[in-house]
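An overview of the molecular structure
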Amino acid sequence: MAIASPSAPSFSASFCRTRTETPSTFTRIPSIFTHRAKPRPLTRRLALSARFNKSTSSDAGGSVSPDNGEPENGEPDDSELQYELFHGLSPQRCRKGSPVFVTLPLDTVGPLGLLRRPRAMVQSLKALAAAGVEGVVMEVWWGLVERDQPMLYNWEGYLEIVALARRCGLKVRAVLAFHQCGTGPEDPHWIPLPLWVLDEIDKDPDLAYSDRFGRRNMEYVSLGCDMLPVLLGRSPLQAYADFMRNFRDTFRPFLGVVITRIQVGMGPAGELRYPSCPTQKLTWTWRSRELGEFQCYDKYMLASLNACARAIGMPEWGNGGPIGAGNLMQNLEQTDFFKSHHGSWTTPYGNFFLEWYSGMLLLHGERICREAETIFRGTEASTSVKIAGIHWHYRTQSHPSEITAGYYNTRLRDGYLPIARMLAKYGFTLCCSCFELQDLEEQRMNPVGSPEGLLRQLLSAARVCDIPLEGETSTTSLDHQSFQQVVRMSKFYSYGLEKPSFSFNFVRMDKKMFEYHNWIRFNRFVRQMSDANAFRAKLEVDAMPDTRRSPTSISDVAKFGMGSTYC
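Predicted model, so just to flag it, every value in this text is computed and none were measured. (Residues numbered from 1 in each chain as written. Predicted model: local features only at pLDDT ≥ 70, side-chain atom pairs only at ≥ 80, totals over all residues. Heavy atoms only, no water.)

Brief notes about the sheet that holds strand E9 (residues 428–432)
Each strand in a sheet pairs with its neighbour through backbone hydrogen bonds, running either in the same direction (parallel) or in the opposite one (antiparallel). If you walk around this closed barrel you meet the eight strands as E2-E3-E4-E7-E8-E9-E10-E11, and the pairing is parallel. Going from strand to strand, the sheet's axes swing by 30° on average, the running direction of each strand aside. Sheet topology places E9 next to strand E10 (residues 469–472); three bridges connect them, and they run parallel. The residue bridging Cys432 from the neighbouring strand is Gly471, located in E10. This element, helix H12 (residues 451–464), spans strand E8 (382–387), E9 and E10 of the sheet and lies at about 170° to E9. Here helix H13 (residues 480–494) sits on the sheet and contacts E10 and strand E11 (502–506); the angle it forms with E11, its principal contact strand, is near 155°. (Pairing = 2+ DSSP bridges. Helix = DSSP H or I, 4+ residues; strand = E, 2+ residues; numbered from the N terminus. Axes fitted to C-alpha atoms, helices over the stretch in contact; angles between N-to-C directions. Contact = heavy atoms within 4.5 Å.)

A short note on the nonpolar core
The biggest cluster of nonpolar side chains holds 146 residues, and the ones touching the most others in it are Phe247 and Phe522. Residues in contact with Phe522, not counting those within four places in the same chain, are Val102, Leu128, Val133, Phe483, Phe506 and Met513. (Core = buried A, V, L, I, M, F, W, Y, C linked by side-chain atoms within 4.5 Å. Buried < 20%, exposed > 50% of the residue type's maximum accessible area, 1.4 Å probe, protein only.)

Some words on the UniProt feature "active site" (unreviewed entry) in the protein chain
In this structure's numbering, the residues bearing the UniProt feature "active site" (unreviewed entry) are Glu271 and Glu472. Across 202 residues in sequence, these annotated residues keep their C-alpha atoms within 12.5 Å of one another, forming a single compact spot. Tracing the backbone through its elements, the reader meets Glu271 in the loop between strand E7 (259–264) and helix H7 (299–311). Residue classification places Glu271 among the buried residues on the basis of a relative accessible area of 7%. Beyond its immediate stretch of four places on either side in the chain, Glu271 contacts Met266, Lys386 and Ala388. Position of Glu472 among the secondary structure elements: in strand E10. On the basis of relative accessible area, Glu472 is assigned to the buried category, the value being 7%. Excluding anything up to four places from it in sequence, Glu472 contacts Gln263, Lys386, Cys431, Cys432, Ser433, Cys434, Phe435, Glu436, Phe504, Asn505 and Val507. (UniProt positions renumbered as here; feature names shortened; annotations may be inferred.)

Printed below as a string of structure tokens:
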């Protein structure tokens, strides 16, 4: 049973965090490059038609309602889409909508920081532009750019992506990824933290998060040492700020013109959260039972917890996380801490610990937001932060999987509104996933999960705080039902707003996306979401040497397959 005291003094999160702390100062450094992309000569201009063939799929069925563009029966065919592209835009499509972006493949930039298959990437970008996609999402990995030595940056592959996107008429959203990608060296998409950072973690394992069993998580540097000079004389916060500053200086000509938004990574998977559940497990079918583990057992987190407990005169509360939190796969009703009735999470001790735990995460986000806002101020590129969509215990009282991730969100408390207020304070956009997920499907295998309930709470917080919203899919779902669910949830946010600011990231571009029927569905989805003006009937692009006419029609993409698009 967790320690509790009926006579415990009152307290709030303010005793262990402050919003007025003096920002740390950094030594400005010149931009350092190991490589720089060489501009290729422009030889001619290419007019690219986005007209689709008028032939339709033999097994497509249903018809399109003129009111909402959805089929009356079954899945829509592509006849209307082809007709409108061939003859021009229909009147009902000339309405304001939400731009769609597509996340690039994880292996777009190789281990040495170079762009893979640039010609195939050009063809894919042209196809996306012809479909009306507003732009692409480019993940910029700390482990690739600053791989070998501190403050030695290699931006070559990313510079080439931005240049190609510009030539294809696409915008770019850059995700500054300060986390690990993949599960290990055997993973084909493995991108660890910078090698020099891993060397420092080897010397001091407490730089990594740890749970009560002593298991280390290497996905992200522990936020407990945010302000300490543990990375060869720099703090993690200084390392992130130097990286952002060098990115700004290197890409300055593109900021606000081609690169329109910068998402700042703040934890595992780029999300503002603790690694309470390893990222690779979040896609497993049985993850619905994961309670998560509190990540507060490295010496830096324990030092903060102990100091906060002593500050309120309860030193016995500062020795570690809650007792009786159960095991990862345990039924929450069999735990002392998370059970619905008389669980320790409702006691003064439980409130103290969860206020501290979530407060540390919020303080981490605020520190990085403050640095990013200062660094990118005046560049005309907006900034965003991603919040995790951990929904598998949302219908319970204690929400254990959210609590262990750092979101103090229960049936009795809104844990997302403080985060939205912090983002509003620094002018950040809220990014969240799960837009394609439906309660009906989730509850077939997990009756206490609710992706729609969680998403509505996040969208409501964004509306209350008047901040823009950036939606994402949690998986690469290309079926009609998933696309329509995205449309419905986007309307939930935008309904009634005079100037709704909503955009959507489709995660992610892969081989299946360009298959015939998937491509038809994706084009229709983009048309439903996007402003008609962005749905290009014709596109002029700067042709690169040896560039051939791109296969932008549905039938051409199906014919050429991934031989001419990125794989």
